[in-house]
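# Architecture at a glance
Each chain, letter by letter, is given below.
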Amino acid sequence: MIDIIVDTFKDVCRQHKLIKSFHYNRTYELGSGNDAHPLIWLEDPMYISNFGQVGQGLEINLNFSVLLIPQQNGITFQECQNLAFSTGLNIIEYIKKNSLLEIKPNWTALTLQRYYDDNTSGARFSLTVVHPNITNLCLLDEHFDTDKEFEVKELINDFDVTPASNCTTFVNKLPDFNLPTTR
């Protein structure tokens, strides 16, 4: 299911005439300066919850950003924000029109200026995608084995702590460390 969402966004971004790159990653990777702009950044993690009395559907809350570099495109921060917002709207509407994903109408957007280290500007969209529950109840029992046991492995090597026969151990004697602290 996650791959369907990522692949849908990636394919739509590939088709969009303005967008030069697409990323699905955590936001701390954003702004590295190695990306082709304008870009779409689909953020990981996505928040998934089920709905319905019998859990027949899943709601996936996700965020994506449309980012441009003003100096690179020769436009102001505000013009970048306007272009990014328009591009994000286009992407949302294109997915609604040409995909099996259902996007709830309660999405929001946030304008961005001097965002991260590469000084980008744009818009960040938060939306909810609805997807049917992917669990096949007819095959549910195939995923479980009532007789299964966890493997027990030795966690730490077993060391022989008994001294060798040709060795004398003084157990009542404290070690004397004579470590010089000055020259």
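Calculation notes
- Residues numbered from 1 in each chain as written.
- Predicted model: local features only at pLDDT ≥ 70, side-chain atom pairs only at ≥ 80, totals over all residues.
- Heavy atoms only, no water.
- Helix = DSSP H or I, 4+ residues; strand = E, 2+ residues; numbered from the N terminus.
- Buried < 20%, exposed > 50% of the residue type's maximum accessible area, 1.4 Å probe, protein only.
- Areas by Shrake-Rupley, 256 points an atom, 1.4 Å probe, with all protein chains shown as cover.
- Axes fitted to C-alpha atoms, helices over the stretch in contact; angles between N-to-C directions.
- Parallel < 35°, antiparallel > 145°, perpendicular 65-115°, else oblique.
- Left-handed = near helix turned anticlockwise from the far one by under 90°.
- Contact = heavy atoms within 4.5 Å.
- Nonpolar A, V, L, I, M, F, W, Y, C, P; charged D, E, K, R; others polar.
- Core = buried A, V, L, I, M, F, W, Y, C linked by side-chain atoms within 4.5 Å.
- Salt bridge = Lys/Arg side-chain N within 4 Å of Asp/Glu carboxyl O.

## Notes on the overall build of the protein chain
The secondary structure content of the protein chain amounts to three helices and seven strands. Listing the helices and strands of the protein chain from first to last along the sequence gives α-β-β-β-β-α-α-β-β-β. In the protein chain, which comprises 183 residues, the proportion classed as buried is 33%. About 13,600 Å² of surface is accessible on the protein chain, with carbon and sulfur atoms providing 52% of the total.

## Some details on the packing of helix 1 (residues 2–15) against helix 3 (residues 77–98)
Direction vectors running N to C along helix 1 and helix 3 enclose 120°, while the axes themselves pass 10 Å from each other. In this view, helix 1 runs oblique relative to helix 3, as classed from their interaxial angle. Crossing angle aside, the handedness with which helix 1 passes helix 3 is right-handed. Touching Thr 8, Phe 9, Val 12, Cys 13 and Gln 15 of helix 1 are Ile 91, Tyr 94 and Ile 95, all from helix 3. Taken together, the residues that form the contact of helix 1 with helix 3 break down as six nonpolar, two polar and no charged.

## Describing the nonpolar core
Counting residues in each nonpolar core, the largest one holds 28 residues, and the members touching the most others are Phe 9, Ile 40, Leu 42, Leu 62, Phe 64, Val 66 and Ile 91. At the level of elements, helix 1, strand 2 (39–43), strand 4 (57–68), helix 3 and strand 7 (120–132) are the ones that each hand at least two residues to this core. For this core, the leading source of residues is strand 4, giving six residues. If you look at the next biggest cluster of nonpolar residues, it comprises six residues, including Leu 30, Trp 41, Leu 67 and Tyr 115.

## Topic: unusual backbone geometry
His 37 connects to Pro 38 through a cis peptide bond whose omega is -5°. Along the chain, Asp 44 connects to Pro 45 via a cis peptide bond; the corresponding omega equals 15°. Structurally, Pro 45 is set in the loop between strand 2 and strand 3 (47–51).

## Brief notes about the pattern of salt bridges
By the definition in use, this model includes five salt bridges. Between Asp 44 and Arg 26 there is a salt bridge whose closest N-O contact spans 3.9 Å. Highlighted residues: Asp 44 in the loop between strand 2 and strand 3 and Arg 26 in the loop between strand 1 (21–25) and strand 2, separated in sequence by 18 residues. Look at Asp 44 and you get partly exposed, because its relative accessible area is 25%. Glu 43 is the partner of Arg 124 in a salt bridge, and the nearest nitrogen-oxygen pair spans 2.7 Å. With Arg 124 in strand 7 and Glu 43 in strand 2, the pair connects residues that are 81 residues apart, well separated along the chain. The buried category is assigned to Glu 43, whose relative accessible area is 7%.

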